[in-house]
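Secondary and tertiary structure notes
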Amino acid sequence: MGILDFLGFGKQQPATPAQAEQADDPSMFCYQCEQAANGGCSIVGVCGKQPDVAALQDLLIFTLKGIAFWADQAREKGGKDQDVDRFMIDGLFATVTNVDFDVDEIAKLVAEAVRLRGKAKQLCGAYTGQVPPAAQDWTLPASRDEQVKLGQLHGVKDFTVDADIHSVRELILYGIKGYAAYADHARTLGKEADEIYAFTHKALAALLDDSLDLMANVGLALEAGKINYVTMELLNQAHVEAYGHPQPTPVQLGTKAGKAILVSGHDLKFLEELLKQTEGTGVNIYTHGEMLPAHGYPGLKKYDHLVANFGGAWQDQHKEFAQFPGAIIFNTNCIQKPAANYIDRLFTWGLVQWPGVKHVDGWDFSAVIKMAQECDGFEDNPGQEILTGFGHNAILGVADKIIAAVKGGDIKHFFLVGGCDGAKSGRNYYTEFAEKAPQDTVILTLACGKYRFNKMELGDIGGIPRLLDVGQCNDAYSAIQVALALADAFECEVNELPLSMILSWYEQKAVAILLTLLHLGIKDIKLGPTLPAFITPNVLNFLVENYNIAPITTAEEDLKQILG
């Protein structure tokens, strides 16, 4: 009996009566984020996504797969189209958790997808093979109700294929959605890579191919991890070329007297343009959430009115935004349903949309600035300072000290503790882990999960801070570079380093990063606070068997298990 047979792979798993009943239920279903209720949101999304939005997002994904079918065929003949390539990234990013909640805007994307499906088909030319339903010439209904009904026919659930194959397909799709966000940020800074577009078409088209067995799909998942690595590297290059290498920088958590704008999201080009337009206006700029690492870039921190970071991770915005006496703007995902006490001061930009929230098209932020000038603003109230800016260039700049500290026994272990934060119970684990990590260990952290412990005074080891903020979620690239450099210095494999990865996940960018780590062969990852609902027991067993992935338990037990 082979390992696949032992794990149950390849055996058809027909729908249970309950699953069959669910399959006929026209209500929404979504389980792409960690907080999906009861294994999947079926009435309204925990994120606030309404059933009509969910249905049209499902229809958009269905249509993007149809585009991908024709675009992939066209590429085999040497044909490609920039509009098709770029739209695929936009469409995927728009369906990432907490990005676009506006049903009208999603409907526009679906209509454009249908148009570009025709363009991709023309680009392909003559084709005599079998055409899957997503790529056929179906017509988008004119009425919104009929569009929603059509979307409900092409939802997440698919009981016509083996459950494990479906699970891996979902893993692939969510990984692609994740790197689409990074590709969007890179393109905003003028960086694109045809390799990213080519794989996106290839992989989405493969999700329509029922002839592919489980291991073929696993291979695609690992390749998605490779492409995410390429995308993160591209984005890193874009950031460094535009703003310089991040430098260790103290960031103020208090406030400065003056009018204020709070920027939440990930996009650094957006922040630069806003800083330029607010220069000399008396309006100070505060970062929120994943924008914190912006303070470490020389090309951004040179602006004196980039004054502080306000608040923490995305899930606390209802409480924090009510206390911010200025304008607030989102430039990428992480928006929640706005509360009445700040919605009039809230703006969105780019692909982020919420019904009833003012949206900025393009790069003119005069409306946001005007709103800030009409608000009360802050008084001086200095607070704690925390450090950010420990990208791979900064860490490897003192690699000799780090290596000496390891060889001398001063540093016994490294932990990468990071990822997405969230509201679900169990995330205090990461706070406890940082608190209880021994004094001879160093913690690297990234993404908004760091807000669980980044205000702690953890001290240093021979001048090396015990807590190193590597940056945003996409700066997993930097963490990987540090690990590879240390492995080279110690002449060993990454998995042989005194390095453990303790990751938290929330949405699809975290899935993409996990696939990158698997692509690189990195093992012994601890993942939490809960495991993805779209992973079947057999697929989980496969990950455990091949990569020793394990769910987190308690901080004490995991530290004991890791350190011995």
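The model shown is predicted, which means the values in this text are computed figures rather than measured ones. (Residues numbered from 1 in each chain as written. Predicted model: local features only at pLDDT ≥ 70, side-chain atom pairs only at ≥ 80, totals over all residues. Heavy atoms only, no water.)

A word on the pattern of salt bridges
When charged atoms on two side chains of opposite charge get close, those side chains can pair. Following the criterion strictly, the structure yields 26 salt bridges and no others. Two residues, K450 and D469, come together in a salt bridge whose shortest N-O distance is 3.2 Å. Within this pair, whereas K450 is found in the loop between β10 (441-446) and β11 (460-461), its partner D469 is found in strand β13 (residues 467-471), the two being separated by 19 residues in sequence. Take K450 and D469: they sit in the same class, and that class is buried. Between E507 and K509 there is a salt bridge, with its nearest N and O atoms 3.7 Å apart. (Salt bridge = Lys/Arg side-chain N within 4 Å of Asp/Glu carboxyl O. Helix = DSSP H or I, 4+ residues; strand = E, 2+ residues; numbered from the N terminus. Buried < 20%, exposed > 50% of the residue type's maximum accessible area, 1.4 Å probe, protein only.)

Thoughts on the sheet that holds strand β3 (residues 283-288)
Here we have six strands laid out as an open sheet, ordered β4-β3-β2-β5-β6-β7, and parallel in their pairing. Of all strands in the sheet, those bounded by a partner on one side alone are β4 (306-309) and β7 (358-360). Neighbour to neighbour, the strand axes of the sheet diverge by 30° on average, direction disregarded. Against the sheet, helix α13 (residues 366-374) makes contact with β2 (259-264), β3, β5 (327-330), β6 (346-349) and β7, and its axis sits at roughly 130° relative to β2, the strand it touches most. (Pairing = 2+ DSSP bridges. Axes fitted to C-alpha atoms, helices over the stretch in contact; angles between N-to-C directions. Contact = heavy atoms within 4.5 Å.)

A look at the nonpolar core
Within the largest apolar cluster, 154 residues are counted, with the highest numbers of intra-cluster contacts made by L64, I67, I196, L204, Y286 and L444. At 15 residues, helix α3 (residues 51-76) tops the list of elements feeding residues into this core. What L444 contacts, discounting residues up to four positions off in sequence, is I395, F414, F415, L416, V417, L468, V470 and V482. Counting residues in each nonpolar core, the second largest holds 27 residues, with V283, Y303, F365 and I369 among its members. (Core = buried A, V, L, I, M, F, W, Y, C linked by side-chain atoms within 4.5 Å.)

Let's talk about the sheet that holds strand β14 (residues 499-504)
Here six strands make up an open sheet; going across it, the order is β13-β10-β9-β14-β15-β16 and the pairing parallel. Each having just a single partner strand, β13 and β16 (550-551) make up the two edges of the open sheet. Across three bridges, the pairing between β14 and strand β15 (residues 526-528) is parallel. From the neighbouring strand, L503 faces β15, where its bridge partner is L527. Against the sheet, helix α16 (residues 428-436) makes contact with β9 (413-419), β10, β14 and β15, and its axis sits at roughly 155° relative to β14, the strand it touches most. Running over the sheet, helix α20 (residues 555-563) touches β9, β14 and β15 and is turned about 140° from β9.

Describing helix α19 (residues 537-547)
Of the positions making up α19, those classed as buried are N538, V539, F542, L543 and Y547. Down the axis of α19, the buried set is contained in an arc of 145°. They therefore lie on one face. Structural note: α19 exposes P537 and E545 on the side pointing more than 90 degrees away from its buried face. Phi turns positive one or two residues past the end of α19, at N548, with a value near 55°. (Arc of directions from axis to C-beta.)

Structural notes on the side chain of S167
Tracing the chain through its elements places S167 in helix α7 (residues 163-188). At a separation of 2.6 Å, a polar atom in the side chain of S167 contacts the main-chain carbonyl oxygen of F534. Contacts of S167, omitting those with residues within four sequence positions, involve F534, I535, T536 and V539. (Polar contact = N/O pair within 3.5 Å; in protein donor to acceptor, adjacent residues only side chain to side chain.)

Overview of the environment of D460
With respect to the secondary-structure elements, D460 resides in strand β11. Along the sequence, D460 and I402 sit 58 residues apart, while their C-alpha atoms lie 12 Å from each other. Discounting chain neighbours no more than four positions away, the residues touching D460 are P465 and R466. At 2.8 Å, the side chain of D460 forms a polar contact with the backbone nitrogen of G463.

Some thoughts on the packing of aromatic side chains
Summed over the entire model, instances satisfying the criterion amount to 26 aromatic pairs. The interplanar angle of 65° and the centroid separation of 4.8 Å between the aromatic rings of F270 and F365 together place this pair among those described as edge-to-face. With F270 in helix α10 (residues 268-278) and F365 in the loop between β7 and α13, the pair connects residues that are 95 residues apart, well separated along the chain. With a relative accessible area of 0%, F270 lands in the buried category. By way of ring pairs, the aromatic residues F29, Y31, Y174, W505 and F534 are connected into one cluster. Here the guanidinium or amino end of R117 rests over the ring plane of W138, the centre of that ring lying 4.7 Å away. A cation over a ring is seen here: K358 above F347, with NZ or CZ 5.0 Å from the ring centre. (Phe/Tyr/Trp six-rings, centres within 6.5 Å; stacked < 30°, edge-to-face > 60°. Lys NZ or Arg CZ within 6 Å of the ring centre and 35° of its normal.)

Quick look at unusual backbone geometry
Cis geometry marks the peptide bond from G528 to P529, where omega comes out at 5°. Looking at where P529 falls in the secondary structure, it is placed in the loop between β15 and α19. A positive phi angle, close to 65°, is found at A447, a residue other than glycine. Along the polypeptide, A447 turns up in the loop between β10 and β11. Residue classification places A447 among the buried residues on the basis of a relative accessible area of 1%.

Remarks on the confidence of the model for the protein
Taken residue by residue, the protein gives an average pLDDT of 93. The fraction at 70 or more is 95%. Confidence drops under pLDDT 50 across residues 1-24; counting only partners more than four residues distant or on other chains, this segment forms 30 contacts. (pLDDT = per-residue confidence, 0-100.)

Regarding the packing of α7 against helix α18 (residues 508-519)
Close contact between α7 and α18 brings their axes to 7 Å; oriented N to C, the two are set at 105°. It follows that α7 is roughly perpendicular to α18 by the angle criterion. Between α7 and α18, the residues in contact are L171, Y174, G175, K177, G178, Y179, A181 and Y182 and Q508, K509, V511, A512, I513 and L515, respectively. In the contact of α7 with α18, the residues fall into nine nonpolar, three polar and two charged. (Parallel < 35°, antiparallel > 145°, perpendicular 65-115°, else oblique. Nonpolar A, V, L, I, M, F, W, Y, C, P; charged D, E, K, R; others polar.)

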